[in-house]
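# Overview (structure and organization)
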Amino acid sequence: MTLRESVSSDVGDIGKAESQHREQDNGNTLYEMPVVDASAGFDELEEKRITRSLLWKLDTRMLPMLAILFLFSFLDRTNIGNAKILGLQTDLKLDGNQYANCLAIFFAFYIASEVPSNLVIKKVSPRIWLGVLTTVWGIIGMAMGFVKSYTGLMVVRAFLGATEGGLLPGIVLYLSMMYRRKEIGIRLGLIYSSASLSGAFGGLLATGLYQMGGRGGLAGWRWILIIEGIVTAIIGILAAIVLPSTVDKAPFLTEDERKLAVARLLADKPLAVDSNGNTMIAQEPFEWWRVNQAVFSIKTWLSALAYLAILSALYSFGLFVPTIVQGLGYTAVRAQLFSVPPYAVAAVLTVIAAIWSDRRRTRGPVMLAFLPLSIAGYAIIANTTSNQTKYGALFLMAAGLYPSVPPVLVWLSNNYTNHYTRATAIGLQLAIANCGGFPATFIYQASEAPVYKKAHTIIMAMLAAAWVLVACKCAYLRYINSRKAAGKFDQHRGCGDDRDPEFRYII
């Protein structure tokens, strides 16, 4: 059987060899295969040449499109904050609690959709699934520009959350199906930097689209939602056309590039050993015990709870920065423009952090380095009356928050090898973390504006707790790796998943 025929279902259903040895081990179907060589039999110079070409083609085809998808995801999620200060709240006659409810219902449906979405993405194909989700939520986002009442806005926000929830966990899982563990951090960092750019771009775009107010008898804030929704739907269609399904089926790769791409992914996976000592690779059918492996792992929960605190800060930052900046004394339009620079700085730092994270093959320490910046920013903005100092604190808040997200997103993906365990862990982490949307929407009370001292203090405490949780996870993974090195996990040798002593966790 060729190497390509022995590929696991993580890289596609490539086909079955005519003669294979199969054995059941711990519920997995095992396929006999030679020891995996990440070079796929190419000499060193040829491997380097093909790898450069392979990564260049994957990067240029995938990353710009995924970044644009995520950019518009953040735009469509947070443009209600821009619309609010430009007339939405007044025109729909919303009080502070009703506006908070419209934000909260989005997160409820967003959270509910994340794990199911990740469990079906492989069946449907990542490019089709992500493209369809984007197109549908673009249409729903456009519909938000036509709502006439509080009830209508609640309904549209619920559907928006249900369709948008699958994107980010899908992107993380998709990257893990296309790249090696050590290559995902920088790529996710580049994609996630588009989220911080969306804050800058969103403010500028909202300012421009607002000027269309009066055309067609529609207010300016309605045009913001309508135009952004239409563009998002078009981008979703393009994504389904442009993105590859799996590395072995990518039409823009040569046969040698596909062969090497498959070998690289297989080399990142621990191999199983059957009862006769033969090296095997396990197929990965859906099994509930693999789901439970993610659900009941302390690795999942330490990351998820830390990420919950970070997202509470991020959502409050994205949803309320225009309001906060306006509270510093600027007009609504100038508030949009002055909210741009903190996001721009965050975008640059996000990329720098992601490069550092991949080169050092580390995740937690990157977060431990950046989170104190945001903690300091919230401490300052909560305890000063100077508008200039508050505005400066926004830079610290953004600089600590955005660079911390790609490492925590990719951390679980790096440390689970089974597809369905990884898919569940990624989806569950994001479902738990996105509960941060609830405190973000309710702790920033209109009665506190523009100071928000209590709200800022709560977020600061949550970020401090996140720092502790990340430190605990780093210590735990270091402890498990040391036990593996000491032979304490030898009973799991050849199990084919991350319990294997040859598989070391990325800290």
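Now for a description of the structure that goes with this document.

Each value, and the rule that gives it
- Residue numbering note: each chain is counted from 1, following its sequence as written.
- For a predicted model such as this one, the threshold for reporting local features is a pLDDT of at least 70, and the threshold for listing and counting side-chain atom pairs is 80 or more; totals across whole chains, interfaces and linings nevertheless cover every residue.
- Values reported for side chains reflect all heavy atoms of the structure, with hydrogen atoms and water molecules removed beforehand.
- Helix and strand labels come from DSSP, where a helix needs a run of H or I of at least four residues and a strand needs a run of E of at least two; each type is numbered from the N terminus.
- When a residue's accessible area, from a 1.4 Å probe over protein chains only, is under 20% of the maximum for its type it is buried; when over 50% it is exposed; and in between it is partly exposed.
- Residues grouped as a nonpolar core are buried Ala, Val, Leu, Ile, Met, Phe, Trp, Tyr and Cys residues, joined through side-chain atoms within 4.5 Å.
- What makes two residues a contact is simply this: any of their non-hydrogen atoms within 4.5 Å.
- Expected helix span is computed as 1.5 Å times (number of residues minus one).
- Bend at a residue means the angle formed by two fitted axes: the first through the 7 residues ending at that position, the second through the 7 residues beginning there.
- Note on terminology: pairs of cysteine sulfur atoms within 2.5 Å are recorded as disulfides.
- Each patch is built from residues that are more than 30% exposed by relative accessible area and take part in no salt bridge. Like charges join if they lie within 9 Å; nonpolar side chains (Val, Leu, Ile, Met, Phe, Trp, Tyr) join within 5 Å.
- Only the protein chains shown count as cover for residues, and all accessible areas are computed by the Shrake-Rupley method using a 1.4 Å probe.
- The rule for a salt bridge is simple: a side-chain nitrogen of Lys or Arg has to be within 4 Å of a carboxyl oxygen of Asp or Glu.

Before going further, it helps to examine the side chain of glutamate 257. With respect to the helices and strands, the residue glutamate 257 is situated in helix H8 (residues 255–267). Residue glutamate 257 is classed as buried on the basis of its relative accessible area, which comes to 5%.

Moving on, we get to the environment of proline 341. On the secondary structure map, proline 341 appears in helix H12 (residues 340–359). Since its relative accessible area comes to 30%, proline 341 is described here as partly exposed. Each C-alpha atom of the pair proline 341 and phenylalanine 395 lies 7.9 Å from the other, and the pair is 54 residues apart in sequence.

In this structure, Leu66, Leu175, Tyr192, Tyr307 and Ile310 are the most contacted members of the largest nonpolar core, which totals 126 residues. Per-element tally for this core: the top contributor is helix H1 (residues 44–91), with 18 residues. Beyond its immediate sequence surroundings of up to four residues, tyrosine 307 is in contact with Leu168, Tyr192, Val405, Val408, Leu409, Gln429, Leu430 and Ala433.

Turning our attention to H1. In this model H1 runs 66 Å from its N-terminal to its C-terminal C-alpha over 48 residues, within 8% of the 70 Å that 1.5 Å per residue would give. Taking the largest bend as the criterion, H1 deviates by roughly 85 degrees, centred on lysine 84. Backbone geometry just after H1 places lysine 93 at a positive phi near 55 degrees.

To continue, consider the side chain of asparagine 481. Structurally, asparagine 481 is set in helix H18 (residues 453–485). Once residues lying within four places of it in the same chain are set aside, the contact partners of asparagine 481 are Arg504, Tyr505 and Ile507.

Our focus in this paragraph is the state of the cysteines. Taken as a whole and judged by the stated rule, the model has zero disulfides. Cysteine 474 provides the cysteine sulfur closest to cysteine 472, a residue in no disulfide bond, and the two sulfurs are 9.3 Å apart.

Attention now moves to a nonpolar patch on the surface. Residues Val120, Val124, Ile128, Val132 and Val136 make up a contiguous nonpolar surface patch of about 320 Å² in total accessible area. For the nonpolar patch, the elements supplying multiple residues, two or more each, are helix H2 (96–124) and helix H3 (126–144). Top contributing element to the nonpolar patch by residue count: H3, with three residues. Its location among the elements puts isoleucine 128 in helix H3.

On their own, these measurements won't tell you what the molecule is for.
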